[in-house]
Amino acid sequence: MRQHRTRFLLAPLTIAMALAAPQQSLAKIVSIPLNGTAVINNVTNMSVTPPLLQLGDIRVGESGEQTITISNRGSTGDSPITILPELTGADSSEFMVERPASTEIQPGESIDVNVTFSPVTTGDKSASLEINQTGASGEYIVFLKGVGAEQAASNLVAASSNFSLGETEMGVATQKTITLSSEGDADGPLITLEENSISISGDNADDFSADMDTQVILEPGGSYNLPVTLYSETYGDKSATMTIRHDGTNDNVKIELSGEVINPELLVEEETPEFTNGTLSGVTLTRPTKVQFGPDGKLYVTQMNGMIHVLTVKRTGKAAYEVTDSESIDLIYNIPNHDDDGTLNNTIKGRLLTGLFVTGTAEQPVLYMASGDPRQGAGPSGTDKNLDTNSVILSKITKQDGQWVKTDLVRGLPRSEENHQGNGLVLDQTGTKIFLSMGGNTNMGAPSNNFARLPEVALSAAIIEIDLENLPTIPYDLPTLDDEDRAGVNDANDPFGGNNGKNQAKLVDGGPVQIYSPGYRNAYDLVLTEAGRLYTIDNGPNVNWGGVPVGDCSNDLDDTGNTRQDGFHYISHKGYYGGHPNPTRGNKSNTFNETNPQTPIEGDENSVECTYLWPGKADQSLTTFVNSTNGIAEYTASNFSGAMKGDLLAVSYDRAMYRLELNSSGDTLLKKSKLINESGTVPLDVTAQGDNDIFPGTIWIADWSKNAITVYEPNDY
């Protein structure tokens, strides 16, 4: 071993000193030269090859390995060398050194040290292998270099992103194959498609299928022909989105599916309905909620605040209509409101008015309407605004001696903490019963924060039947529970003040108000067709606004929930279940008032109402809508050679007006199409004129956002 002496001249040591002076501070700098001799002990008998290790280009996620050889070049009798290799440097975590079994090297012997390069990102990489030696004051350094290269790619690619299955008839399946290929690098990884890798979504998702029976593995350059089937019992244009999940390099593959299903009975060419968009001028509206022509030929429009406008309308040109006279009815607006303990609250003005049905004669029109407390709470804040949860009233307005007169028929119906309440209503064909859609208090059946923790009650979330001829009194105040917070079974404020269910109206066995069809979250409108068939569209739930009933159909809180589409229902019979749970009716163990537990259900419980049914999948919906769809009406005019006679119309928040074509029995949807693509900003309600009405064949829409009435006039008017 030799000792090397090397002299280094070190930089001067600079010292700054502050010297005090009477008037100022002076800085003095003193420089002191420093020097000395450094001694490095070097082991001359050790050699390392190579001194610079190039590991080359390695793909991210893969590894490359090379070897460094360390030798003791000493002679017999010389001392052994003991080594300790250590990695350092910015990218040292992407290199690995395999330590040798023995770190002692005898004279004339060598050991190999394996170095592995495993890049995790792309780009130039470097590190240092420091080999410490016994008897030396410094280490031997081997420089390590490598390049992180792009990972080998295997991309799943479909032959087309738009795949048409062409044309088929109702009830007849058609099948085509679409090719899926693995494209990318020749040494790319395998792509695996599991049996459940495919999902189909969209309006017509149930009409398409593409299920794989077994797992499919694609090698680089390989392909698979996926069979896709179109089968439907309804006719019309069909579309959906197919998503293919896989473990390849690229994102999941989406393919737009399309096809047409033909009804062979309708192959005779029919006239295509076309309408001209028109306007109704001469009226100022604020948040219109319902629109309907009366038997007097006048247009009745309700506003969200409870006002009613009666409009005399004149046609001034093609698709041009003008209000020539009007009157306003404030009888609903002026109904007093209460807080949820039943006390009168004169500071709250107006009423939430979302239900209207006009009947009677030209000389004596009759208006039925449902209204409730105008306040709206809940939402993500969960605010309880103390609105009256027993505030919905069914009222009747008639004209006597030239004056409008209001009669309240039923009082104390439920009102949610959000904006669900008594909505659409129709008079049955005998003129003796009202069907009224009562909104629900929950998102999917369980109380939740976003609905201010109010549970479903005896008369919520259902289409109720009101027997007008058997109301024991006018008005008929619904019997309520014995509220533990109020004195007496029948306190002075009844039936008002639901007290979050403690004072709710009871479902009286054999009473004049009954459940006709349970299971609706918030069905905004009803239509009773000329054939006597009842239809509605129920607004579906929202994600994280509340879940399904917890446990054994309890009223426990649940703040989960999913988004589901709106379901179109044919209410074929009394007892038809729409799919939205009501644990209060489903399980009579759910009671109210802890000090005096009571159920509001006098008859049997209805256990079917404990189960949530997914619209369009588990329930009996004829079809579903992606966006909130509300107003619904029957088209009864003979325009277009009768092509639309008996069809239903529905308006949606996607701004479209839908045409729903049913079979002769009314229980099967043959075709759903967009009659009008852009029918307004927020079209909320729709009505259509028949052959004998004042403007035959026209369609009228209440646009809640535009504060306007939009008119669609048939081109064969």
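Just so we're clear, the structure is a prediction, and the values are computed from it rather than from any experiment.

Before going further, it helps to spend a moment on the overall build of the protein. Scanning the protein for helices and strands turns up one helix and 48 strands. Over its C-alpha atoms the protein spans a radius of gyration of 40 Å, topping by over 25% the 27 Å that the globule rule assigns to 717 residues. Residues classed as buried in the protein amount to 50% of the 717 residues present. In the protein, the proportion of contacts linking residues at least 24 apart, taken out of those at least 6 apart, comes to 65%. For the protein, the computed accessible surface area is about 31,800 Å², with 46% contributed by carbon and sulfur atoms.

Now for the packing of aromatic side chains. Counted by the stated rule, this structure contains 14 aromatic pairs. Between F293 and W700, the aromatic rings sit 5.0 Å apart at their centres with planes inclined by 75°, giving edge-to-face as the arrangement. Placement of F293 in strand 23 (residues 288-293) and of W700 in strand 47 (residues 699-703) is noted, with a sequence separation of 407 residues between them. By relative accessible area, W700 is classed as buried at 0%. Both rings, one in Y535 and one in F568, keep their centres 5.7 Å apart while their planes meet at 15°; by these two values the pair is stacked. With Y535 in strand 39 (residues 534-538) and F568 in strand 40 (residues 566-571), this pair connects stretches of sequence that are 33 residues apart. Of the two residues examined, Y535 and F568, each falls in the buried class. Among the aromatic residues, ring-to-ring pairing joins F293, Y321, F695 and W700 into one connected group. Above the face of the W614 ring, K617 is positioned so that its terminal group lies 5.5 Å from the ring centre.

Sheet analysis places strand 6 (residues 81-88) next to strand 10 (residues 123-133), joined by six bridges and oriented antiparallel. When the sheet's bridge partners are listed, I83 is paired in strand 10 with Q133. Relative to strand 11 (residues 140-149), strand 10 is paired through nine bridges, and the arrangement is antiparallel. Following the sheet pairing, S128 is matched in strand 11 by F143.

On to the state of the cysteines. A full pass over the atoms with the stated rule returns one disulfide. Each disulfide pairs two cysteine sulfurs, and for C553 the partner residue is C610, the sulfurs being separated by 2.2 Å. For the disulfide bridge between C553 and C610, the dihedral angle about the S-S bond is near -90°, and by the sign convention the bridge is left-handed. Here C553, found in the loop between strand 39 and strand 40, pairs with C610, found in the loop between helix 1 (583-586) and strand 41 (623-625); they are 57 residues apart in sequence, far enough to count as distant. Relative accessible area serves as the criterion here: at 5%, C553 is assigned to the buried category.

Rules used in this analysis
- Throughout this description, residue numbers start from 1 for each chain and increase along the sequence as written.
- Since the coordinates come from a predicted model, pLDDT governs what is reported: local features require at least 70, and pairs of side-chain atoms require 80 or more to be given and counted, while whole-chain, interface and lining totals use all residues.
- Note that the side-chain values use all heavy atoms of the structure and ignore hydrogens as well as water.
- To qualify as a helix, a DSSP run of H or I must reach at least 4 residues; to qualify as a strand, a run of E must reach at least 2; elements of each kind are numbered from the N terminus.
- Atoms counted for the radius of gyration: C-alpha only. Globule rule: 2.2 Å times residue count to the power 0.38.
- Exposure categories follow from relative accessible area, calculated using a 1.4 Å probe and restricted to protein chains: below 20% of the type maximum is buried, above 50% is exposed, and the middle band is partly exposed.
- Any pair of residues with heavy atoms lying within 4.5 Å of one another is described as a contacting pair.
- Throughout, the Shrake-Rupley method with a 1.4 Å probe supplies accessible areas, and for residues the shown protein chains are the sole cover considered.
- Pairing of aromatic side chains requires ring centres within 6.5 Å, counting the rings of Phe and Tyr and the six-membered ring of Trp. Pairs whose planes differ by under 30 degrees are stacked, by over 60 edge-to-face, and all others tilted.
- Note on geometry: a ring has a charge over it if NZ (lysine) or CZ (arginine) is within 6 Å of the ring centre and within 35 degrees of the ring normal.
- Here, a strand pair is defined by DSSP locating no fewer than two bridges between the strands.
- Criterion for a disulfide: a pair of cysteine sulfur atoms within 2.5 Å.

By themselves, these are just geometric observations and shouldn't be taken as functional.
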